[in-house]
Amino acid sequence: MLDARTATAQPAAIRREDYRPPEWLIPSIALEFDLGAERTIVRARLSVERNGAEQAPLRLNGEGLSLIEVMVNGAPADHIYSENILTVEGVNSGDTVETIVEIAPAANTQLMGLYASGGILCTQCEAEGFRRITFFPDRPDVLSRYAVRMIADKALYPVLLANGDPVGSGDLEHGRHWAEWNDPFPKPCYLFALVAGDLEANRDTFITQSGRTVDLGIWVRTEDLPKTDHAMAALKASMAWDEKVYGREYDLAVFNIVAVSDFNFGAMENKGLNIFNSRYILADPDTATDADYDAIAGVVAHEYFHNWSGNRVTCRDWFQLSLKEGFTVFRDQQFSADQGSAAVKRIEDVRALRAIQFPEDAGPLAHPIRPESYIEISNFYTATIYDKGAEIIRMMRTILGADGFRAGTDLYFQRHDGEAATCEDFVKAMEDANGADLSRFRLWYAQAGTPRVMADLRHDEASCRAHLLLEQAVPPTPDQPDKQPVPVPLKIALFGEMTGEKYADRLIVLEEQAQEIVFDGIGERPILSINRDFSAPVIVEAARSSEDLAFLSANDDNPFARYEAMQQLMLDTIIAAIRSGAADHGPVIEAVRQTLSGTALDPAFVGEAALLPSEAFIGDQMETVDPDAIHRAREALRADLGTELESLWRAAYARNAANRFEYSPAAKGARRLRTIALGYLMASGGADVPALAMRQFGEADNMTDRQGALGVLVNSDAAERDDALAAFYKRYQGNALVIDKWFGVQALSTRSDTGEVVQALARHPDFTLANPNRLRALVGSFAANQRALHAPDGSGYRFLADMIIAVDRLNPQTAARLVPPLGRWRRFDASRADKMKRELMRILAEQGLSKDVFEQASKSLG
Ligand code: B3K
Ligand code: ZN
């Protein structure tokens, strides 16, 4: 078996400015697979054409391939295979180049290329996995028509799927069979896919807006079939939504989705054959939470939307990744907002952005949404490319308006259909469709770092005028010491302190470093509501008193701004407590009391608004993060909120009591608020609360309530805690996705023994480094648990580094994703920082470290 790691002393960086068009094009490719888990033979016939006048020899990427034969026009050809490049001599435009290679799917632990997952053979090619299947110019600007023939044992692999449409199948001798698929749409090789396995489909159809019937299939193991209805409903809803909102129709006669258990990330948008991590397909009330249901719909939609934003129009090079990812995330966010509560969806998206992207943008791995260089592209599937990328698309829509934005996307799709495009092409289409000038806006693509906006509102009673002074600063980031101001679209409103009247409600685009806006006709002191709907991905600093924040949290008519005011009030209170040892909890308690008593409010919104900011987010506001002080101050506020508002929590708990499970926005909201109320009741120390939690745990007819109760118990010292964990494990033993929850909930516990518990769980027979979901559930959750990871003795860092080193031997891409928490050392005290740096150095000293982990660890060390 080949070592999964590519030993490199100092891997080289690839730079955006070095982009050159391909020397050769491959208009069509015929692939033949003789499939087996231990041994697969791949025969590829490439029609090749020179691109332009260059005389360069044909160079093809190939990694870990056992080369059997190279032929040109049917005759053996001279070639050199060295350093992952096959150079074929004497090739002319119009020739057919044929290679035969052997690969070993069962030995593929990286889960890139063709690999085996629980008896299923499947592929993952984005970004550079196709080169692990066959020799090819593995870059997204080489688009080809694919014809695929698969041969396999019929008993082991009765179902054979590939991109495009099925064109034939039949039996062979010795219990084997074959199938052929053709994809009429030219595509880059990262969108190639095949699946072979013992699968069954949930089948349905969709009739497109022009009246074509599309056969839909969601393929899973037979026992999982009952868990596929929600994904199917989401798929059909996505297809209809993309027609309605973007005018985009599906283009093939079939659309298949396959779920597999071993997958490096969420899912993959291969043309006509999406392959999914099973956690984003399988759901039933007993095993999936509301958050899982929502994530399934979101990811199904995301991958489906890629059919246009990514597949029909793809990326010229990987520096343009946000062209498809930022835009597609924005589209899936819009879709999800349309399915339920738009306000709650926005709150969730912003919370995720602040939890992951803001720290990334403030740390050693900061990069613009269109990076300038990378060592390993897999490291750039980041929250910045995806989520900040989506915010930048959203800002263009806010600035141009919904109709202008739609005109821009129509032009973009029409201009670039069938092409490999750039971020610049997208912005240009927006400009041309609207007669707009987005020159300065382009800085959002080029500059890293989260801009800060300072807002100062002054009121002059005599002239009935308010002056709003806005200033911005984009912080320095690695390789970008000096920044220019960016256009910041800020939705702003002013409310009168006495009357509550809304005086102004408008969009202001802050173009300059500083700008003053004057509001006339304001006879009372105004209160500033700013960055409503989170109209720009910035950090706003506006000195507002706790009275003003409490006013907004109770009265702002923009739900996001209302939530935001409450969060700010909570943050200010906790930070004050950390600084001075104690703080007045009164204003927060009153504000939460108001929100809880607001009967007109959606329970889901009440739940979100009543949640305290996470320990990590509080840490982000501090110069030096003090995990223990944060934990103490936050818990003290939680306890006071629990005690002071106990009767309201009890009422909310009772009012939102479960009936029969239903997946609807209202039922989801009720469940959310109920478990949040349970958490506060536990914090109040009520003697009956552990029993109440145990009852919820035992009686629940759905996973949201059961896992919610388990989470509350796992954070507590109640005797019921161990019983609940044992019962949960027993009930779901053998169901990998639910056992992931069992690992995750313990790794996220706020208790002081979490580090030891997690280390013990890493020795549990159900723990494995080979399955990315299990690894994320235990180690990923632990790394996100600020207090546990940052244990003062450094044991958390050591454990994390041990895991990174061990996983890197199997799966570098997944190992590299665990590195960033260690790179936050600059934000911690000297003792912790020193321990974190030592672990990064220990990782870097490993023999044969992958370039994935090398890049993340070396950049993190700075
Ligand atoms: N495009 C894929 C992500 C591939 C990640 C490769 N390291 C899924 C998605 O964003 O839809
Ligand atoms: Zn995507």
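Residues numbered from 1 in each chain as written. Chains lettered and ligands numbered in written order. Predicted model: local features only at pLDDT ≥ 70, side-chain atom pairs only at ≥ 80, totals over all residues. Heavy atoms only, no water.

Colleague: What is the right way to read the coordination of the zinc ion (ligand 2) from this model?
Modeller: Tetrahedral coordination by four donors sets the ideal angle at the metal to 109.5 degrees; octahedral coordination by six donors sets it to 90 or 180 degrees. Protein coordination at the zinc ion (ligand 2) comes from H302 (NE2), H306 (NE2) and E325 (OE), with a distance range of 1.9 to 2.1 Å. The sequence motif formed by the donor residues of the zinc ion (ligand 2) is H-x3-H-x18-E. Highlighted residues: H306 in the loop between α2 (290–305) and β22 (314–315) and E325 in helix α3 (residues 321–339), separated in sequence by 19 residues. You'll find H306 and E325 in the same group, each marked buried. (Donors = N, O, S within 2.8 Å, 3.2 Å for Na, K, Ca; no water. Helix = DSSP H or I, 4+ residues; strand = E, 2+ residues; numbered from the N terminus. Buried < 20%, exposed > 50% of the residue type's maximum accessible area, 1.4 Å probe, protein only.)

Colleague: Help me understand the pairing of strand β18 (residues 213–220) in this model?
Modeller: A regular strand places its side chains so that they alternate between the two faces of the sheet. In terms of burial, β18 is a largely internal element, six of the eight residues being buried. Summarising the sheet, strand β17 (residues 200–207) and β18 pair through eight bridges and their orientation is antiparallel. Residue pairing across strands places I207 opposite T213, the latter belonging to β18. The loop that links β17 with its antiparallel partner β18 comprises five residues; one of these, G211, has a positive phi angle of about 95°. Pairing between β18 and strand β19 (residues 254–260): five bridges, direction parallel. Within the sheet, the bridge partner assigned to W219 lies in β19 and is V258. (Pairing = 2+ DSSP bridges.)

Colleague: Is there a simple way to explain the site of ligand 1 in this structure?
Modeller: Around ligand 1, the structure places 13 residues, and the nearest of them are E126, A267, E269, E303 and Y386. E126 places a polar side-chain atom, nitrogen or oxygen, 2.6 Å from a nitrogen atom of ligand 1. One of the side-chain N or O atoms of E325 is found 2.9 Å from an oxygen atom in ligand 1. Summarising the interface, the protein chains cover 96% of the accessible area of ligand 1, which totals 330 Å² for the free molecule. Breaking the shell around ligand 1 down by element, the ones donating at least two residues are β20 (267–268), α2 and α3. Residues of the shell around ligand 1, tallied by class, amount to five nonpolar, three polar and five charged. (Near = heavy atom within 4 Å. Polar contact = N/O pair within 3.5 Å; in protein donor to acceptor, adjacent residues only side chain to side chain. Areas by Shrake-Rupley, 256 points an atom, 1.4 Å probe, with all protein chains shown as cover. Nonpolar A, V, L, I, M, F, W, Y, C, P; charged D, E, K, R; others polar.)

Colleague: Looking at this structure, how should I read the pattern of salt bridges?
Modeller: Pairs can form between side chains of opposite charge once their charged atoms are near each other. Scanning all chains against the criterion turns up 73 salt bridges. Salt-bridge contacts for D18 lead to R15; the nearest nitrogen and oxygen are separated by 3.3 Å. With a closest N to O distance of 2.7 Å, R351 and E608 form a salt bridge. Of the two residues, R351 is situated in helix α4 (residues 342–361) and E608 in helix α11 (residues 603–610); the sequence distance between them amounts to 257 residues. (Salt bridge = Lys/Arg side-chain N within 4 Å of Asp/Glu carboxyl O.)

Colleague: I'm lost on the sheet that holds strand β16 (residues 194–197) in this one. Help?
Modeller: Hydrogen bonds along the backbone pair up the strands of a sheet, which may run parallel or antiparallel. The strand order across the open sheet formed by four strands is β10-β11-β16-β13, and the pairing between neighbours is antiparallel. Of all strands in the sheet, those with a lone pairing partner are β10 (113–117) and β13 (159–162), marking the two edges. Averaged over all pairs of adjacent strands, the angle between their axes in this sheet comes to 20°, without regard to strand direction. (Axes fitted to C-alpha atoms, helices over the stretch in contact; angles between N-to-C directions.)

Colleague: Whenever I open this one, the domain arrangement of the protein chain confuses me. Can you help?
Modeller: Interfaces are often sized by the accessible area lost when the parts come together. Taken domain by domain, the protein chain comprises domain 1 (1–198), domain 2 (313–446), domain 3 (452–543) and domain 4 (735–862). Averaged C-alpha coordinates put domain 3 and domain 4 at centres separated by 40 Å. (Domains from an automatic or database assignment.)

Colleague: Sorry, what's going on with the side chain of E303 here?
Modeller: In this structure, E303 sits in helix α2. Buried E303, no salt bridge; nearest opposite-charge side chain is K324, N-O distance 7.2 Å. Among the polar contacts made by the side chain of E303, one reaches the main-chain amide nitrogen of E269 at a distance of 3.3 Å. For E303, the residues in contact, after removing those within four places along its chain, are A267, M268, E269, N274 and F276. (Lys, Arg positive; Asp, Glu negative; His and termini not counted. Contact = heavy atoms within 4.5 Å.)

Colleague: In this structure, what is going on with the environment of L143? I would like to understand it.
Modeller: Summarising the element assignment, L143 is placed in the loop between β11 (120–124) and β12 (144–153). With 42 residues separating them in the primary sequence, L143 and F185 have C-alpha atoms 8.9 Å apart. Not counting residues within four places of it along the chain, the set of residues in contact with L143 comprises I26, P27, P186, K187, P188, T314, G418, E419 and A420.

Colleague: How should unusual backbone geometry be read in this particular structure?
Modeller: When glycine is set aside, most residues are seen to have a negative phi, and most peptide bonds are trans. The omega angle of the peptide bond from E126 to A127 is 0°, so this bond is cis rather than trans. Relative to the assigned elements, A127 resides in the loop between β11 and β12.

Colleague: Just checking my understanding: could you explain the sheet that holds β17 for this structure?
Modeller: Ordered by their spatial adjacency, five strands build an open sheet running β17-β18-β19-β21-β20, and the pairing between neighbours is mixed. A strand with exactly one partner marks an edge of an open sheet, and here the two such strands are β17 and β20. Across five bridges, β19 lies against strand β21 (residues 273–277) in parallel orientation. The residue bridging I257 from the neighbouring strand is N274, located in β21.

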